[in-house]
Amino acid sequence: MAHLSLRAVGKTYGGSSQPAVAGIDIEIADGEFIVLVGPSGCGKSTLLRMVAGLETVSAGEIRIGERMVNKLDPAERDIAMVFQNYALYPHMTVRQNMAYGLKNRGTSKAVIAERVAEAARMLELGAYLDRKPRALSGGQRQRVAMGRAIVRQPAAFLFDEPLSNLDAKLRVSMRMEIRKLQQRLATTALYVTHDQLEAMTLADRLVVLNGGRVEQIGAPLEVYRKPASTFVASFIGAPAMSLLDARIDGGVLSLDDHALARVGNPAGPVTLGLRAEDLRIAPRGLPLTVDYIEELGAQRIVHGMVGAQRLAVIDTGAAALNQTVQVAIDPTRLHLFDTATGRRMEPVAEAVVEPVS
Ligand code: ADP
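Here we summarise the structure given alongside this text. (Residues numbered from 1 in each chain as written. Predicted model: local features only at pLDDT ≥ 70, side-chain atom pairs only at ≥ 80, totals over all residues. Heavy atoms only, no water.)

A short note on the packing of helix H2 (residues 94–104) against helix H3 (residues 109–122)
To be explicit about the condition: Lines fitted to C-alpha atoms define the axes here, with helix axes fitted over just the stretch in contact, and angles between the N-to-C directions of these axes take values from 0 to 180 degrees. Strands are runs of DSSP state E lasting at least two residues, helices are runs of H or I lasting at least four, and both sets are numbered from the N terminus onward. Just so you know how the angles are binned, under 35 degrees is roughly parallel, over 145 roughly antiparallel, 65 to 115 roughly perpendicular, and the rest oblique. Crossing handedness follows the turn of the near helix against the far one: under a right angle anticlockwise gives a left-handed crossing, and clockwise gives a right-handed one. Contacts are residue-level and defined by heavy atoms, with any inter-residue pair within 4.5 Å sufficient.
For the pair H2 and H3, interaxial distance at closest approach is 10 Å and the crossing angle is 135°. Accordingly, the angle class assigned to the pair H2 and H3 is oblique. As H2 packs across H3, the resulting crossing turns out to be right-handed. Along its contact with H2, which presents Arg95, Met98, Ala99, Leu102 and Lys103, the element H3 presents Ile112, Arg115, Val116, Ala119 and Ala120.

Structure representation (structure tokens):
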């Protein structure tokens, strides 16, 4: 077990003029579960592969524990990686697959047998130890891949989208298993996913990446409640936060001709962020013309237009398609972002925000 530290880490692929990732600073505590999340192409895999030693580091330093590992081979880094495609040896049994890495390192037969038995027990694979991977389900294969990582007792686990080949239901249960296992083993973990829900539910802290740079680092709820930018606001949370062009004039925040709240921020254009669950359909408020309704069973998400801008609201009533309803806004629950930079405006000083009468 070890802490992990990335300092000013960057990567420029050969032949490319732009870095794939740049200036990445992340300190990961011993035993912490960190999830790298962001859209395709934001640099998650590049970062993970640099930590694993599968990709050279163009700038900065990567440390595992006290050791600078930039120049070390993957095998010398004391990490175990779990891949999306499982990467199991098809001709070996489950037992042999799990034992392979240890055998290569010259671990004694007795220790190998003990660790494989322990991992198989934790992962409920005991009945499958003599099977070949092709005779296993996708979920079982992923468990074997986990088992192979566990038996090595590494300083850190690296996960590269390990659940993306599983169906939705299995993904949810495997997510829970991974989290429980990691907590039980208390092994530092770095996990890559493009799925914000997976990131929210697994992470001690999220690292949201955008275009090869860190957009925000924080505990999932902290990031959800105080997104640092419009990028984070629209990426974390489903339905996505609605972002609307608004204005502040004389301390009053307004959208089109509708005054919404008193705010302490300076006059000018501003991007207003509203989460669907912070809004409700009420007798008075912003007029929303409904153009789409998502019936989710426990919830109804009502989508529509306020003037020319899109807004989503969680509805407890019975708003109907093509109807115009009024949406009440809680002034303590709104988010403001600088329209030019997309950065969160602080303080939106909740105390200063009060409804316009
Ligand atoms: P993600 O995992 O978030 O989808 P990647 O780390 O795979 O993102 O990619 C980040 C950027 O680096 C992308 O612009 C991608 O096209 C580029 N890239 C990734 N791998 C290579 C490579 N082997 N050679 C050149 N460019 C690459």
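Having seen the model, we can carry on.
Observations regarding the sheet that holds strand E15 (residues 279–295)
We apply this condition: The criterion for strand pairing is that DSSP finds at least two bridges linking the strands in question.
Taken in spatial order, the 4 strands make up an open sheet running E17-E16-E15-E18, and their pairing is antiparallel. In the strand order of this sheet, the two ends are held by strand E17 (309–315) and strand E18 (324–329), each with one partner. Recorded for the sheet is a direction-independent mean angle of 55° between the axes of neighbouring strands.

Looking at the sheet that holds strand E3 (residues 33–37)
Spatially, E6-E7-E8-E3-E9-E10 is the arrangement adopted by the 6 strands of the open sheet, whose pairing is mixed. Single-partner strands in this sheet number two, and they are strand E6 (79–82) and strand E10 (213–218). Direction aside, neighbouring strands of the sheet carry axes that sit 20° apart on average. Direction of pairing for strand E9 (residues 205–210) relative to E10: antiparallel, over a ladder of 5 bridges. Bridge pairing links Val207 to Ile217 in E10. Strands E3, E6, strand E7 (156–160), strand E8 (188–193) and E9 of the sheet are contacted by helix H1 (residues 44–52), whose axis makes an angle of about 150° with E7.

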